[in-house]
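# Chains, contacts and geometry: an overview
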Amino acid sequence: MNLTEITNLGDLFQNSLNSEPTKIALIDGETGVKVSFQELDKNISKIRSILSDEGIHKGDRVALFFPNELEFLYVLFATIRSGAVPVLINVELSSELCTYIVEDSGASIIISSSQKKVSDRAFESAHLDQIKTLIFTDIQKIKSKVSIKNTDIYGLTELMKKSKPINGSVSVSPGDPALQPYTSGSTGKPKGVILSHGGSLWNVKTICEFHKLNPLDRAIVSAPMYHSNALNGAIKPMLLVGGSTVILNGFNSSKMIESIDNFKVTYLRGVPAMFKLIVEDKKSLSSHDISSIKWAVSGSSSLPESLITSFEEISGSSMGMAYGLTEGGPVVTLSPRYGDNRIGSSGIPLPGVDTIIIDPQTKKQLPANSIGELLVSSPGLGTYHNLPNQEKTSFETLRGHRFLHTKDLAYIDLDGFHYIVGRIDDMMIVGGENVYPAEVESLLLKHTKIKDVCVVSLPHSIKGEAPVALIVSDPVTEEEIKQFALLNGPAYSHPRRILSIPKMPLSGTGKIDRVKARKIAL
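Procedures and definitions
- Residues numbered from 1 in each chain as written.
- Predicted model: local features only at pLDDT ≥ 70, side-chain atom pairs only at ≥ 80, totals over all residues.
- Heavy atoms only, no water.
- Pairing = 2+ DSSP bridges.
- Helix = DSSP H or I, 4+ residues; strand = E, 2+ residues; numbered from the N terminus.
- Expected span 1.5 Å × (residues − 1).
- Buried < 20%, exposed > 50% of the residue type's maximum accessible area, 1.4 Å probe, protein only.
- Contact = heavy atoms within 4.5 Å.
- Axes fitted to C-alpha atoms, helices over the stretch in contact; angles between N-to-C directions.
- Phe/Tyr/Trp six-rings, centres within 6.5 Å; stacked < 30°, edge-to-face > 60°.
- Core = buried A, V, L, I, M, F, W, Y, C linked by side-chain atoms within 4.5 Å.
- Salt bridge = Lys/Arg side-chain N within 4 Å of Asp/Glu carboxyl O.
- Arc of directions from axis to C-beta.
- Parallel < 35°, antiparallel > 145°, perpendicular 65-115°, else oblique.
- Left-handed = near helix turned anticlockwise from the far one by under 90°.
- Nonpolar A, V, L, I, M, F, W, Y, C, P; charged D, E, K, R; others polar.

Across the sheet, which stays open at both edges, the 9 strands sit in the order E2-E1-E11-E10-E12-E13-E14-E15-E16 with mixed pairing between neighbours. Both outer strands of the open sheet, strand E2 (34-36) and strand E16 (348-349), are each paired with one neighbouring strand and no more. Two elements, strand E12 (residues 267-270) and strand E13 (residues 295-298), share 4 bridges in a ladder whose sense is parallel. For arginine 269, the partnering residue across the bridge sits in E13 and is valine 297.

Between the first and last C-alpha of helix H3 (residues 70-81) there are 17 Å, a value that for 12 residues agrees with the 16 Å anticipated at 1.5 Å per step. Taken together, the buried positions of H3 are Leu70, Phe72, Leu73, Tyr74, Val75, Leu76, Phe77, Ala78, Thr79, Ile80 and Arg81. Positive phi appears at glycine 83, one or two residues downstream of H3, with a value of about 85°.

Read from one edge to the other, the open sheet built from 3 strands follows the order E8-E9-E19, with strand pairing classed as antiparallel. At either end of the open sheet lies a strand with only one pairing partner, and these are strand E8 (177-179) and strand E19 (383-384). Of the strands in this sheet, E8 and strand E9 (193-196) are in contact with helix H7 (residues 197-210), which crosses E9 at around 70°.

Turning our eyes to something else, we now look at the packing of aromatic side chains. Within the structure shown, the criterion is met by 5 aromatic pairs. Where phenylalanine 275 meets phenylalanine 311, the ring centres are 5.0 Å apart and the plane angle is 80°; that geometry is what we call edge-to-face. In this pair, phenylalanine 275 is assigned in helix H10 (residues 272-280) and phenylalanine 311 in helix H12 (residues 305-315), connecting sequence segments 36 residues apart. For phenylalanine 275, a relative accessible area of 0% translates into the label buried.

Every regular strand shows the same layout, with side chains that alternate between the two sheet faces. For strand E25 (residues 450-460), a buried count of 8 out of 11 residues is recorded, marking the element as mostly surrounded by other parts of the structure. Two elements, E25 and strand E26 (residues 464-473), share 10 bridges in a ladder whose sense is antiparallel. The partner of proline 459 across the bridge, within E26, is glutamate 465.

It is worth spelling out the side chain of threonine 206 at this point. Along the chain, threonine 206 turns up in helix H7. Sequence-distant contacts of threonine 206, that is, excluding residues within four places in its chain, are made with Leu350 and Pro351.

This part is about the nonpolar core. Phe65, Leu73 and Leu76 are the most contacted members of the largest nonpolar core, which has 104 residues in total. With 9 residues, H3 is the single largest residue contributor to this core. Once residues within four sequence positions are removed from consideration, phenylalanine 65 is found in contact with Ile89, Val91, Cys98, Val102, Ile110, Ile111, Ser112, Ser113, Val118, Arg121, Ala122 and Ser125. Of all hydrophobic cores here, the second largest spans 26 residues; its members include Leu268, Met274, Val279 and Leu303.

Further remarks concern the pattern of salt bridges. Using the criterion set out here, one finds 16 salt bridges in the structure. Among the salt bridges present, the one from aspartate 11 reaches arginine 81, with a minimum N-O distance of 3.8 Å. Taken together, the residues span a long stretch of sequence, with aspartate 11 in the segment before helix H1 (14-19) and arginine 81 in helix H3 at a distance of 70 residues. Of the two residues, aspartate 11 and arginine 81, neither departs from the other in class, the shared state being buried. Here the salt bridges do not stand alone but share partners, grouping Asp340, Arg342, Asp413 and Asp415 into one network.

Another aspect to go through is H12. Leu307, Ile308, Phe311 and Ser315 are the residues of H12 that are buried. All buried residues of H12 lie within an arc of 100° about the axis, which places them on one face of the element. Of the surrounding secondary structure, the elements contacted by the buried residues of H12 are E12, H10, E13 and strand E14 (318-324). Phi turns positive, to about 75°, at glycine 316, one or two residues after H12.

Mapped onto the elements, lysine 482 comes out in helix H15 (residues 478-488). Excluding residues within four positions of it along the chain, lysine 482 makes contact with Pro495, Arg496, Arg497 and Ile498.

Take the pairing of strand E15 (residues 331-334) next. Sheet topology places E14 next to E15; 3 bridges connect them, and they run antiparallel. In the sheet register, glycine 324 faces E15, and the bridge partner there is valine 331. The turn linking E14 back onto E15 is made up of 6 residues, and glycine 329 within it adopts a positive phi angle of 160°.

So, on to the packing of H10 against H12. Where H10 contacts H12, the two axes come as close as 10 Å, and the packing angle between them is 50°. By the criterion of interaxial angle, the relationship of H10 to H12 is oblique. Once H10 is placed against H12, the crossing between them reads as left-handed. Within the contact between the two elements, H10 uses Pro272, Phe275, Lys276, Ile278 and Val279 and H12 uses Leu307, Ser310, Phe311 and Ile314. Its residues assigned to classes, the contact of H10 with H12 shows 7 nonpolar, 1 polar and 1 charged.

Inspection of the secondary structure puts asparagine 369 in the loop between strand E17 (354-358) and strand E18 (372-377). Of the residues examined, asparagine 369 reaches a relative accessible area of 45% and is grouped as partly exposed. As a C-alpha pair, asparagine 369 and asparagine 262 span 107 residues in sequence and 44 Å in three-dimensional space. Apart from the residues lying within four places of it in its own chain, the contact partners of asparagine 369 are Tyr411, Ile412, Asp413 and Leu414.

Following this line, the structure appears as structure tokens:
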């Protein structure tokens, strides 16, 4: 089956299933369990049968509470094949926010891991009147709390033993909803984003073609699979091309390095914090070979040049960047795998993506190398769930195409390479001058003693607001850092205070948590 013949995202790996059914598709890096395309298909078909028995139909929402476990992917694709819509829950959020997402989505069923922290959140959300069924992967692990009025509670393992597989998938149109992730909620409550079957298939196919991925590739992920970096950057592409993916339940540099060596990983997706810790783990690197890596891509936030150089030296691979956002495609730009790859850039738009830069105040389009708001148009653009006002303010039609206001500040050079400099909300006006945290961070990371940095804005009695830098570094004085910034950058953008901290506060998806960072700086 050619991709052009596939309309349901749940059939993503149909070509591989047909041609090499016994080939390994997934590897649990924690237990060593290997799952072939044939076994993956069988597990998905069994869970599809369970969903049918529970009265789940096309368009219904199914809330998924999972860490990085194989069962997450079984349930995810079973739901999609059923024509229903998986609601991807960030289990690192508070119980209150998880419950808000479930309620907002309209889900009537929750399927959850039995891992304690995750099952606790699922159990809390299951008290909503709308939830009729709660399924845990292993009911035996949570017997102490399996009672909720008017809610049926089952064990997935037991149900799968009894279920009769339902093969194939429900017929869908390209515009039908396939997935419903939620935005991070850093600027308010999380917002539901509906991604279509057609848009999702376009995005994964284009990524595979752009990066020339093939059946011999093997990826590894440790970032949460409910997040775009892992799911859209590695897992879905590997399933489509017939490659394989090693899944780790969380990041540990030693375990990551060992797994790359043991499983001969060729394709690495991650975030800057992960690559930084790999480079610094000299002990593990001395006893393991990671030269199997041929291509590495970092997403979620900017990557300093020194880190790219260090990683390429220890791995012998090339390294690039990716940029995307939940409602934006999700993947928008990628560094070319071969040829021109510009340090500091998030790459060029995927084929089919259109981008423009506008002045946030005047809304007029800006020329090359001018910083402004990045607007994105692509076949993968999402829509907001039950948020008509947000839909009106975030999207607009320009040049006959629907564009998303990303609220990211960026510039595009003359050759089309994109550079993300921060969020509109993060930009500070210091004595009348625009200062972008990403540019100050990039400057400070050139100091040999600074290992990591986050720049935030705080009120200033004279300038209105001014940069404050949180750093992780070797021993260095505040004055030394200030002088470095003054000598190498505009005086108005130098940090007025430098705070040394043991490690950066990170979100569940590996990004620096700027809200927490600002609280530390206060």
